[in-house]
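Each chain, letter by letter, is given below.
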Amino acid sequence: VALLGRAAKASGSLDRALAELRGVHRSWPESVGVTLDLAEVLHDLGEAQEACEVLRAGIALDSGHWLLWGKLAKVLYGVKAFEEGLAATQEALRLAPEQTDKLLKRHAVLLSANGQGGPARELMLELLEDNPDDANLLYNLAYSHDLDCQLEQSRERYEQSIALDPDSAKALSALAWLYSG
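Procedures and definitions
Counting of residues starts from 1 at the beginning of each chain's written sequence and follows it residue by residue. Local features in a predicted model are, by the rule used here, given only for residues with pLDDT of at least 70; side-chain atom pairs are given and counted only at 80 or more, and totals for whole chains, interfaces and linings are based on all residues. The basis for the side-chain values is all heavy atoms of the structure; hydrogens and waters are excluded. Each helix is a run of DSSP H or I of at least 4 residues and each strand a run of E of at least 2, with the numbering of both proceeding from the N terminus. Only protein chains enter the accessibility calculation, which uses a 1.4 Å probe; a residue is then buried when its area is under 20% of its type maximum, exposed when over 50%, and partly exposed in between. By convention a nonpolar core is built from buried Ala, Val, Leu, Ile, Met, Phe, Trp, Tyr and Cys residues, the set being connected through side-chain atoms within 4.5 Å. The contact criterion used throughout is that any non-hydrogen atoms of two residues lie within 4.5 Å. The angle between two axes is taken between their N-to-C directions and runs from 0 to 180 degrees, where each axis is a line fitted to C-alpha atoms and a helix contributes only its stretch in contact. Take the far helix as the reference: if the near one is turned anticlockwise from it by less than a right angle, the crossing is left-handed, and if turned clockwise, right-handed. Gly falls in the polar group here, along with every residue not listed as nonpolar (Ala, Val, Leu, Ile, Met, Phe, Trp, Tyr, Cys, Pro) or charged (Asp, Glu, Lys, Arg).

Comments concerning the overall build of the chain
Phase 1: Helices and strands together make up the secondary structure of the chain, namely 11 helices and 0 strands.
Phase 2: Scanning the chain from its N terminus toward the C terminus, one meets helices and strands in the order α-α-α-α-α-α-α-α-α-α-α.
Phase 3: Taken over the C-alpha atoms alone, the chain extends approximately 55 × 35 × 25 Å along its principal axes.
Phase 4: For the chain, the proportion of its 181 residues judged to be buried stands at 45%.

With respect to the nonpolar core
Phase 1: Counting 42 residues, the largest nonpolar core has L55 and L72 as the members making the most contacts within it.
Phase 2: At the level of secondary structure, the elements contributing two or more residues to this core comprise α2 (14-27), α3 (32-44), α4 (48-61), α5 (66-78), α6 (82-95), α7 (100-113), α8 (117-130) and α9 (135-147).
Phase 3: Setting aside residues no more than four positions away along its own chain, L55 makes contact with T35, L36, A39, L68, K71, L72 and V75.
Phase 4: Within the second largest apolar cluster, 8 residues are counted, among which are Y139, Y158, A171 and L175.

Quick notes on the packing of α2 against α3
Each pair of packed helices can be summarised by the angle the axes make with each other and by the distance between the axes.
Phase 1: Put simply, α2 and α3 touch, their axes get as near as 9 Å, and they point 145 degrees apart. As α2 runs across α3, the sense of the crossing is left-handed. Residues L14, A17, L18, L21, R22, V24 and H25 of α2 touch α3, and the partners they reach there are V34, T35, D37, L38, V41, L42 and D44.
Phase 2: Of the residues that constitute the contact of α2 with α3, the class distribution is 9 nonpolar, 2 polar and 3 charged.

Limitation: the analysis is restricted to geometry and does not speak to function.
Written out as structure tokens, the structure is:
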């Protein structure tokens with residue numbers, strides 16, 4: 001059933017996807033897949049608060065599904081509800097310890113955004129041991145250094161990120177900003 005919304009989203013019509021998913025979700029609110037798809041489309045359309053509400057309602061129906069908690073953490077990051085996002089990633093990790101890599105990356109970003117740069121960088125460095133070519137992880141590590149005014153470390157990590165992904169607009173922009181200052 002959720003394939004209707006995914007197909008509409010793939011065709012580039014997020015409004016159509018949203019309408020179809022809302023209809024399916026009203027008929028089948030307990031479907032984790034439909035809930036996740038609806039929340040994703042809402043998030044893509046800039047309706048992060050509504051996406052949070054949809055995910056929280058899904059969690060109320062099935063609090064044991066790690067994907068709901070993980071998606072909620074992602075959306076909460078977007079609305080700058082970092083502490084709640086950290087709690088959501090911790091719950092997702094508790095429910096699905098085999099999904100640690102992706103969830104720990106999200107947790108590290110939330111730690112950094114929440115002003116916990118030291119623990120965030122420690123976690124990111126651990127993750128880099130297994131993922132040394134992860135440009136996004138290097139970017140997030142650089143950004144964490146940047147937030148704590150550790151500019152030399154930040155430059156080094158942005159440069160490493162760009163070496164792996166030369167088209168990364170966010171890393172290029174951040175590095176240009178550092179060099180301009």
